[in-house]
Number of protein chains: 2
Amino acid sequence: MGTTQLETVPEPKYWHLKTVLSEALDSEFSVGEILPNERDLAARFGVARATLRQALEQLELEGRLQRRRGVGTTVAPPRVGVAVGTEQQAWPGSAGDDWQTVDCAVAVPPAAVADALETGREQPVHIVRRSRVTHGQPVAAELLYVPETSVPELSAIGTPSGAARARAVLRELQRLELDSRENAVELGSARADDAKELDRLPGAPVLVVTTRYLAGGRTAALSVATYRADTCRLTFGDSGAVEIHEGPERQAS
Amino acid sequence: MGTTQLETVPEPKYWHLKTVLSEALDSEFSVGEILPNERDLAARFGVARATLRQALEQLELEGRLQRRRGVGTTVAPPRVGVAVGTEQQAWPGSAGDDWQTVDCAVAVPPAAVADALETGREQPVHIVRRSRVTHGQPVAAELLYVPETSVPELSAIGTPSGAARARAVLRELQRLELDSRENAVELGSARADDAKELDRLPGAPVLVVTTRYLAGGRTAALSVATYRADTCRLTFGDSGAVEIHEGPERQAS
């Protein structure tokens, strides 16, 4: 992860090895197959184990390999395309939404979230926790921040807490007329609670999608969703189906 | 990057340290400031240097720190929002596009690209190389694959090669009526040539944006753009301005 002065840095050994390994994965291995152990692989390719490990890390970053404790290193299936930018005009929790509502709390959000919501840094907001499962696999964990001013009728309904309360917040939110949605994607590392939900270790690379829901000229809700970076490819657009990977996920168009 | 059996794995030490360090960055350091060396930091927080290094890696992944050879570790400026999904109806190279056309070649694309373009695996295509600079910083390197059938008049124009040829390919492409654009984002590692252009080392984490340009019911061109994951936040949506970070980049709405 170092940087600068690239002119004087030759292409690292593991980089060439990665290319060779990648070709071997294509031609000799099938999805789910367990790779030989590191000692055997290092011997076969005539490299030091440290070099081999760096190449394996790269291939894991690219979603080609999965490493699991007690199982070893296996050839990963193609990444799953997960639509993020479709249904531009839908509130969270609308019909057809494949998120599951988990829980709800009232708490002071992180300072950056409070600033985006313009609620003031000490002001508690509703925090709805949701999770997304695609093809039986957990792919994302979300915190949805909803200021009290976006759901003014909520207290009158009086559902106590938990998932039922969360659904009540979403129902109230859907009463507002949604103007537009804006998404941003960036690299992050999984927080401890998200990591547990996504079956990853804390600190694993994740794709963080921030969505701002605009209604009545202001930010009515803000979603921060953490996607598994190893298994997901996030798609944006009308059909949400960009598939350039080979294998069972590929669709003829 | 390990996984599974999270129930039995306690929160790692570096994770707690990361949180503490992050708070220290907020309260004690300003953007661009150089952090104390690893020995001093490890002593201050009472941790082993290996633990400290893991926490620093996490903070680098999250874009909070930058590590540079010969400089040390500095506090990173907020990530730059780079619009990716705006101007849904525009071809690459249209007016207002902030990409620079670098070069052009005719070559057989990777198999997955050929499949997406439905050109056949041995069929050469035009490969236009472009780069994107935002706020004076290189943020992305792109390979745009254009089948010969999308630019049938091109050979008659006869520009020899290089950037002029690349611009001719883009001009011809713009004659087609664009139906829609689809984007996908996934985690990747920088290829050697992209890394050099982006001032990163090969293998650095990057965000790979694949864009399919649809015209006349087929894929008329396919773009694979590699964005720096350390400095960029990719934005999608009409205004393309989701800013939840504090600091000079933040915009009042």
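Every value quoted in this text rests on a predicted model; they were computed, and no experiment measured them. (Residues numbered from 1 in each chain as written. Chains lettered and ligands numbered in written order. Predicted model: local features only at pLDDT ≥ 70, side-chain atom pairs only at ≥ 80, totals over all residues. Heavy atoms only, no water.)

Before going further, it helps to examine helix 6 (residues 162-173) of chain B. Between its first and last C-alpha, helix 6 of chain B extends 17 Å over 12 residues, near the 16 Å set by a 1.5 Å rise per residue. Among all positions in helix 6 of chain B, only Gly162(B), Arg165(B), Ala166(B), Ala168(B), Val169(B), Leu170(B), Glu172(B) and Leu173(B) are buried. (Helix = DSSP H or I, 4+ residues; strand = E, 2+ residues; numbered from the N terminus. Expected span 1.5 Å × (residues − 1). Buried < 20%, exposed > 50% of the residue type's maximum accessible area, 1.4 Å probe, protein only.)

Attention now moves to the packing of helix 1 (residues 13-28) of chain B against helix 3 (residues 49-61) of chain B. Residue and element names in this part refer to chain B. Two numbers describe how helix 1 lies on helix 3: the axes approach to 8 Å, and their chain directions differ by 60 degrees. Here helix 3 runs oblique to helix 1, going by the angle between their axes. Note on packing geometry: the crossing formed by helix 1 with helix 3 is right-handed. On helix 3, the residues touching Lys-13, Tyr-14, Trp-15, Leu-17, Lys-18, Leu-21, Ser-22 and Leu-25 of helix 1 are Thr-51, Leu-52, Gln-54, Ala-55, Leu-56, Gln-58 and Leu-59. Looking at the contact of helix 1 with helix 3 residue by residue, the class counts come to 9 nonpolar, 4 polar and 2 charged. (Axes fitted to C-alpha atoms, helices over the stretch in contact; angles between N-to-C directions. Parallel < 35°, antiparallel > 145°, perpendicular 65-115°, else oblique. Left-handed = near helix turned anticlockwise from the far one by under 90°. Contact = heavy atoms within 4.5 Å. Nonpolar A, V, L, I, M, F, W, Y, C, P; charged D, E, K, R; others polar.)

This part takes up the pattern of salt bridges. What the rule picks out here adds up to 34 salt bridges over all chains. Within this structure, Arg129(A), Arg191(A), Asp193(A), Asp194(A) and Glu197(A) form a network of salt bridges that share partners. (Salt bridge = Lys/Arg side-chain N within 4 Å of Asp/Glu carboxyl O.)

Residues and elements named next belong to chain A. Structurally, chain A comprises domain 1 (13-75) and domain 2 (80-235). On the domain 2 side, the residues contacting the 4 residues of domain 1 number 4 residues. Around 280 Å² of area is buried between domain 1 and domain 2 when both sides are counted, 43% of it from carbon and sulfur atoms. Scanning the region where domain 1 abuts domain 2 turns up 0 residue pairs in polar contact (both at pLDDT 80 or more). By residue class, the composition of the side of domain 1 that touches domain 2 is 1 nonpolar, 2 polar and 1 charged. (Domains from an automatic or database assignment. Buried area = accessible area lost by both parts, 1.4 Å probe. Polar contact = N/O pair within 3.5 Å; in protein donor to acceptor, adjacent residues only side chain to side chain.)

Residues and elements named next belong to chain B. Mapped onto the elements of the fold, Leu-59 is located in helix 3. Overall, the relative accessible area of 1% leaves Leu-59 in the buried class. Each residue touching Leu-59, except ones within four places of it in the same chain, is listed here: Lys-18, Leu-21, Ser-22, Leu-25, Arg-64 and Leu-65.

In this section: the sheet that holds strand 9 (residues 218-228) of chain B. Spatial strand order, 3(A)-10(A)-7(B)-8(B)-9(B)-6(B)-5(B)-4(B): 8 strands in an open sheet with mixed pairing. Both edges of this open sheet fall to strand 3 (80-83) of chain A together with strand 4 (99-107) of chain B, since each of them pairs with a single strand only. Between one strand and the next, the sheet's axes are offset by a mean angle of 25 degrees, whatever the strand orientation. As paired elements, strand 6 (residues 137-146) of chain B and strand 9 of chain B share 6 bridges and run antiparallel to each other. Across the sheet, the residue bridging to Glu142(B) is Ala225(B), located in strand 9 of chain B. (Pairing = 2+ DSSP bridges.)

Below, the discussion takes up the sheet that holds strand 10 (residues 232-236) of chain B. Strand order in this open sheet of 8 strands is 4(A)-5(A)-6(A)-9(A)-8(A)-7(A)-10(B)-3(B), and the pairing throughout is mixed. Looking at which strands have only one partner, the edges of the open sheet turn out to be strand 4 (99-107) of chain A together with strand 3 (80-83) of chain B. Taking the axes of each pair of neighbouring strands and ignoring which way they run, one obtains an average angle of 25 degrees across the sheet. Docked against the sheet, helix 6 (residues 162-173) of chain A engages strand 4, strand 5 (125-134), strand 6 (137-146) and strand 9 (218-228) of chain A, running at close to 90 degrees with respect to strand 4 of chain A.

Membership of the largest hydrophobic core comes to 34 residues, with the highest contact counts inside it found for Val185(A), Tyr227(A), Leu234(A), Val185(B), Tyr227(B) and Leu234(B). If sequence neighbours within four positions are ignored, Tyr227(A) has contacts with Val82(A), Val84(A), Trp99(A), Arg132(A), Val139(A), Ala140(A), Val206(A), Leu207(A), Val209(A), Cys232(A) and Leu234(A). Counting residues in hydrophobic clusters, the runner-up holds 18 residues, among them Ala24(B), Leu35(B), Val47(B) and Leu56(B). (Core = buried A, V, L, I, M, F, W, Y, C linked by side-chain atoms within 4.5 Å.)

Under the defined criterion, the tally for this structure stands at 5 aromatic pairs over all chains. Ring centres of Trp99(A) and Tyr227(A) lie 6.2 Å apart, and the angle between their planes is 80 degrees; on these two criteria the pair is classed as edge-to-face. Residue Trp99(A) is located in strand 4, and its partner Tyr227(A) is located in strand 9; the two are separated by 128 residues in the primary sequence. The class for Trp99(A) is buried, based on a relative accessible area of 15%. Ring geometry for Phe236(A) versus Phe236(B): centroids 3.5 Å apart, planes at 5 degrees, classification stacked. Of this pair, Phe236(A) sits in strand 10 (residues 232-236) while Phe236(B) sits in strand 10, placing the two residues on different chains. (Phe/Tyr/Trp six-rings, centres within 6.5 Å; stacked < 30°, edge-to-face > 60°.)

Another point: unusual backbone geometry. At Glu118(A), a position not held by glycine, the phi torsion is positive, near 55 degrees. With respect to the secondary-structure elements, Glu118(A) resides in the loop between helix 4 (111-117) and strand 5.

So, on to helix 2 (residues 38-45) of chain A. Residue and element names in this part refer to chain A. Of all the positions in helix 2, only Glu-38, Leu-41 and Ala-42 are classed as buried. For helix 2, the angular spread of buried residues about the axis comes to 100 degrees, placing them on one side. Every exposed residue of helix 2 that faces more than 90 degrees away from the buried side is listed here: Arg-39 and Ala-43. Turning to helix 2, the residues buried within the fold contact helix 3 (49-61) and strand 1 (65-68). Two to three positions downstream of the cap, the backbone nitrogen of Arg-39 sits 3.1 Å from a side-chain oxygen, assigning the N-cap of helix 2 to Asn-37. Just past helix 2, the residue Gly-46 takes up positive phi, approximately 65 degrees. (Arc of directions from axis to C-beta.)

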